[in-house]
Amino acid sequence: MPEPTKKDETPNGQPKESVAPDSNGALPLPEISLEISPPPEAVAEGKEPVETDGKKPEATEPEPLQAVVAQEPSPIENGSNQPQPGGVGVKEQTESGKSAIKEEGPCSPPPTDDDAAAATTPSPAPKAEDANSLKKLSIELPNDSVPAAGRKDSVWSLGDGQGPDDLEKPVISPPQSTLMLESPQSAVIPVGGDITFVAKVEAKDLLRKPTVKWFKGKWMDLASKTGKHLQLKETFDRLTKMHTFEMHIIKAKDNYAGSYRCEVSYKDKFDSCSFDLEVKEAEQGSQNFDIRSAFKRSSEGQEDAGELDFSALLKHRNQREAKVDDTPEVDVWEILKGARPDQYEKIAFMYGITDLRGLLKRMKKIPREEKKSEAFTKKLEPAYQADKGGKIRLVVDLADPTVDLKWYKNGQEIRSSPNQRKYIFEMKGTQRIMVINNCSLNDDAAYSVAAGDERCSTELFVKELPVKIVKKIEAVKTTVNERIELECEVSEEGAQVKWMKNGVEVPTGVRSRYRVKCEGTKHFLVIDDASREDTGSYSIMATGGTSEAHVQVDLKPLKVFQDLKDITVLLGQPINLHCEIYPGNVPGRWYRNGQLIQPNDRINILHKNKSHRLEIATGSLHDAGDYTFVPEGYSQSLSAKIHIIDPPRVHLESLNFPDNTVTIVAGNKLRLEIPISGEPAPRVVWMKGERVILESGHRIRAETSGDHTSLTIDITEREDTGNYKIVLQNEAGEATASVKIKVVDIPDPPEAPLVPQVGGDWCSMTWDPPKYDGSSPILGYFIERKKKQSSRWMRLNFDLIKETVSEPKKMIEGVPYEVRIFAVNAIGVSKPSEPSKAFTPLAVTSEPTMLVVDDVTDTTVTVKWRPPETIGAAGLDGYLIEYCIEGTDDWIVSNNELTEKTKYTITGLTPGTKILVRVKAINAAGPSAPRTIQHSVLVKEVIEPPKIRVPRHLKQTYTRRVGEAVNLVVPFMGKPRPKVTWLKEGTAIDPTHVSIRNTDCDSIIFIRKAERSHSGKYEMAVQVENHVDTAILDIQVVDLPGPPQCVTIEDVWGGNVALVWTPPKDNGNAPITGYTIQKADLKTMEWYTCIEHYHRSCITITELVVGNEYFFRIFAENMCGPSDTATQTKKSAVIVKEGMQLKTHEFNDHDFMEAPKFTQPLINTCAVAGYNATLNCSVRANPRANVIWMKNKIAILDDPRYRMFSNQGVCTLEIRKPSPYDGGMYTCKASNNLGEAQVECKLEVKGGFTFYELMQRGVPLNLIDKYMTEKIVEQEK
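Residues numbered from 1 in each chain as written. Predicted model: local features only at pLDDT ≥ 70, side-chain atom pairs only at ≥ 80, totals over all residues. Heavy atoms only, no water.

(A) Structural detail: the pattern of salt bridges. Enumeration over the complete set of coordinates arrives at 46 salt bridges. Note that arginine 393 and glutamate 426 form a salt bridge whose closest N and O atoms lie 3.6 Å from each other. On the criterion of sequence distance, the pair formed by arginine 393 in strand 16 (residues 392–398) and glutamate 426 in strand 19 (residues 423–428) is long-range, its members being 33 residues apart. Arginine 393 gets classed as partly exposed once you look at its relative accessible area, which sits at 29%. One salt bridge connects arginine 701 with aspartate 714, and the closest N-O pair in it is separated by 2.9 Å. You can see arginine 701 sitting in strand 45 (residues 700–705) and its partner aspartate 714 sitting in the loop between strand 46 (708–713) and strand 47 (722–730), a full 13 residues away along the chain. Taking the relative accessible area as the measure of exposure, arginine 701 reaches 17% and is therefore buried. (Salt bridge = Lys/Arg side-chain N within 4 Å of Asp/Glu carboxyl O. Helix = DSSP H or I, 4+ residues; strand = E, 2+ residues; numbered from the N terminus. Buried < 20%, exposed > 50% of the residue type's maximum accessible area, 1.4 Å probe, protein only.)

Below, the structure written as structure tokens:
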């Protein structure tokens, strides 16, 4: 039994190369080489490692070497797939150059001399097309002196951030590029350098821009990471139609190294490219540093926040070691060194390490010390290899022979049993041996042995020997219908082989013509019934070689004594075909138009010696065609043609039309298909009268195809009515037939309707029947209506109107309308008639409203009214006023022309007569119903007492400044025209100073430039006969005041000066509202204002500068403003320095206590109902007076309709929306400890409310009754 082969290594760590010669025409053996282990990202992406050809690569820091063994499956044999064994530590390179799938494995120790020879054992070469499925194992060299606990643990020791389950999955090589013309390439840059990766996509066949994504690793999308160090750019060249995508890396850091990927997608197309970036940095020795801070994220709150900057921390770890606070409390490195790889992530999370990938990379570079086993003195080798069918011995040495030992296969315990000899367990001293007999591919697995708590592992690779071809297949030449059997013998029983024909695998299913059988080492391919298609190159393929041979299948020769002849037969006559061939016993097959003919009741096939006959009892049209007789197994065939003829016939009975008459509605498409028969196909001619209908006709055309002919009329018209003749001709005879076509149509449109009458929302219309009824009686009419300016017609009736008269309703008044008519018969609806002339529905207005007598004189009567409630769309042209003398019916028109006003005066009347008056509203539709006064009117003038209506703003003092204009209008009432007189202070007004103008209803007083002499009370008197009404207007003309009379300096002390002055002699006809005090320094004599709007006549000026000498002046103010001049102190005030004595004068305090006194009384006021009214007065008192408002001697308390204000002695009462009920005597009472005072006024509220409105406002019933009584009395007066 051969010993397992091991990896052959030299003392310096370089493996020996082993080359095996070619044998039996097999493919060349793979080359054996070493490769530098790529970064973990490249391993995950399936990148091809760089071969070193046995030379040591130059690198800034030592990289672990890897030796790779390739293992591939053998070719598929009859649907099975068996793997080929491979040597440990060998990388199989194929000519395809495609990337291989890699699996990391443990490192094996240097082999012994005996094993070195076995390591050179040749292994079967894999096929080029299977290079993509290579399986590789990477083995670390002794530089990484950490013992691997198994295949999965060794993967985690690489630190690539992937789980062992992910690494064992096969990596599918990327598809061939279909979009990118230029792909990004791998590169190496130093730390801090810049680099650009470029991908180009041609846009000739692309309708829009493709989608490009850049990734780092497997999942990190770089589109969200752009910023200071990463930029993505896209450009498009319109000349070359090329999209260029660039990724710029600026000031690269060492953590930017890794695998990158560029993906391009467009609709259903996809392309990707992976590339690597290596960032070099200066080599640094391993020193102690804080691993937890090194693998945390850096630059929080800055531009680079979120990046992993652990390598930058490694560069500056010497500085951090100097700080006592940065020394880690826990040595995480020691914890990680003693932990299993599957615990790395948990430990990193426990101590706050976020960059797990960087941590694993660093763990890989740290040299590890191999722990000495306590249970084993000699462990299992890292890997073993055995031939298929052989046996293998797994040996371990125990330190304690008494320890229980357990063997495992892929984690499952191996138990021995007496009946199976697969696994044999032996003990020789301290050695424990497990023998595996008859190794198969199922034994290719990971094995481990456990002694107590300690375990060691290994892997077994089962190598399958190639199957060789002992006897090759031989070439075959035969004829059709013969049996072909191809035979081949191989070197092993039960071997899987593959049969090929012209390079394609031969199908061996249940329905296949090929049969495959195996007898021991012999394999057969059988073809029972050979045909010419079986000619070709046949080969058999085994794992150790192939064999090929050619198979030729030919046809048999044939001799013809009598050939088949072409015949012509009438339809229904028998058909006979006869031929004679040699040899006579050859069967044959009859074909018609390439289809096999089977005998039946009508067809009889006879074969007697060399004679072959085909008999058809009754010939049909289907029997016509090309007939072929094919002898079986021969290349020659006999052919003849049978032509069947039949006289033409027209089958009108299939139409099912009475009297062969076809009726169709005009405008529809008519396609009349008539079956015909005849062989050969007859020539068909359609005719209408003497005119022939052609197949190329535009609207009417005739078509013939197969067994029918058709007449097509795309749009039927009335002129298409008539008889149509069909003529059929062929070589067997002639036939004719005729068809009648009747076209019916809708009626013609009626004439335009007439509209004789129009109402407010209706009209009456008439029309005449249409001239042509479409050969069908008129069933009725439809009416449509539309607005003239619109284009949308509206159907008015859905039930047919039998008569030719209608009266549509529900029209909009004033809108122009048009109507039209449709005629309806059994065929359909006619086209619309022409629209009628436009008409507009109009209606007269309603009668005028509220006709009353406005004025009566001895010869005239004036009436007024309100417009009609309903005017209508015709509008209102004016009014017609008529009157008649009481007792007669003779109405006389007063106005010859319409008046648009609602007031009219009837003139020329006889005094003392009584008349009735009525008014009509006139528009385009005519006069409305009249509105008549209910009672007769006596023509006699009525005396109306005068009454002056003083405006509200004139009921109080009317104030104007000197020089302003005064223009006052005072309305009044009274009939006949009152006489107006004006007096000032009881004397007549000088017309040269004041202008007065009187009208029938008002009087105007005008002063162009007011002077103070115009101030005073003006009395207006209005007189009608013995009736007089008067009113007084108070006009006040104000001017600027004079300066104060005398200003004296009362006293000076410190920085203060006391001033005293007397009021001005001339107050400008208005109260003095305040004073303005100014000061001036003697040095500059520039005046500065000390205080404004000061009310008293004495003041103390403070904060004066010591040592300065001041003058003072005072201005007086009233409502017009400050005085033009100021009174200045005659003497100056000198502010002496400190230390001067101040003479104080004794004085008595003034008693400001005062009983209430009204300085401005209340004024009688007239308010309008519904509008807020206010009552104002002013009171002076010290201490402050308590103010109470009363109505009719009753105090007003908590009434929301009243609002009371008091500000600086001004008392205001606001009455919100007063009603007549709020009228009466209002009193304002002020009181304090020294006394009381009161003023009162009368409030009159104009306008009233009804009884119902007062009830809604919540007025008590007794007050409502009082108010209604007063109102009635007022009306009677």
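(B) Layout of the sheet that holds strand 56 (residues 861–866). Judged by pairing direction, the sheet is antiparallel, and its three strands sit side by side in the order 55-56-59 without closing on themselves. At either margin of the open sheet sits one strand with a lone partner, and together these are strand 55 (849–856) and strand 59 (903–906). Sheet twist, expressed as the mean angle between neighbouring strand axes with direction ignored, is 25°. Note that strand 55 and strand 56 share five bridges and pair antiparallel. Considered in strand 56, the bridge of aspartate 855 is made with threonine 862. (Pairing = 2+ DSSP bridges. Axes fitted to C-alpha atoms, helices over the stretch in contact; angles between N-to-C directions.)

(C) Looking closely at the sheet that holds strand 37 (residues 603–608). Taken in spatial order, the four strands of this open sheet run 32-34-38-37, and their pairing is antiparallel. Each edge of the sheet is formed by a strand with only one pairing partner; in this case those strands are strand 32 (559–562) and strand 37. Within the sheet, the average angular offset between the axes of one strand and its neighbour, ignoring direction, is 20°. Pairing between strand 32 and strand 34 (residues 575–582): three bridges, direction antiparallel. Within strand 34, the position partnered with glutamine 562 by the bridge is glutamate 580.

(D) Fine view of the environment of threonine 1159. Inspection of the secondary structure assignment puts threonine 1159 in strand 82 (residues 1154–1160). C-alpha separation for the pair threonine 1159 and valine 1179, spaced 20 residues apart in sequence, amounts to 5.5 Å. Not counting chain neighbours up to four residues away, the residues in contact with threonine 1159 comprise Ser1178, Val1179 and Arg1180. Separated by 2.5 Å, the side chains of threonine 1159 and serine 1178 make a polar contact. (Contact = heavy atoms within 4.5 Å. Polar contact = N/O pair within 3.5 Å; in protein donor to acceptor, adjacent residues only side chain to side chain.)

(E) Up close: the nonpolar core. Counting 26 residues, the largest nonpolar core has Phe197, Trp214, Met247, Ile249, Tyr260, Cys262 and Leu277 as its most contacted members. Contributing elements (two or more residues each) for this core: strand 7 (195–202), strand 8 (211–216), strand 11 (242–249), strand 12 (258–266) and strand 13 (269–280). (Core = buried A, V, L, I, M, F, W, Y, C linked by side-chain atoms within 4.5 Å.)

(F) Spotlight on the state of the cysteines. Here the structure, examined in full by the defined rule, presents zero disulfides. Here cysteine 1228 is not cross-linked by a disulfide; its sulfur's nearest cysteine counterpart is in cysteine 1177, at 3.7 Å. (Disulfide = S-S within 2.5 Å.)

(G) Just the side chain of asparagine 730, in detail. As for its position among the elements, asparagine 730 is in strand 47. A polar side-chain atom of asparagine 730 sits 2.9 Å from the main-chain carbonyl oxygen of aspartate 646. A distance of 3.0 Å separates a polar side-chain atom of asparagine 730 from the backbone nitrogen of alanine 732. Non-local contacts of asparagine 730, meaning those with residues more than four positions away in its chain, are made with Asp646, Pro647, Pro648, Gly678, Glu679, Pro680 and Pro682.

(H) Representation of unusual backbone geometry in the model. The peptide bond linking lysine 975 to proline 976 adopts the cis configuration, its omega dihedral lying at -15°. With respect to the helices, strands and loops of the structure, proline 976 is situated in the loop between strand 66 (966–975) and strand 67 (979–984). Between asparagine 1182 and proline 1183 the backbone carries a cis peptide bond, its omega angle lying at 5°. Phi is positive for lysine 241, which is not a glycine, with a value near 55°. Along the chain, lysine 241 falls in the loop between strand 10 (230–237) and strand 11. A relative accessible area of 40% places lysine 241 in the partly exposed class.

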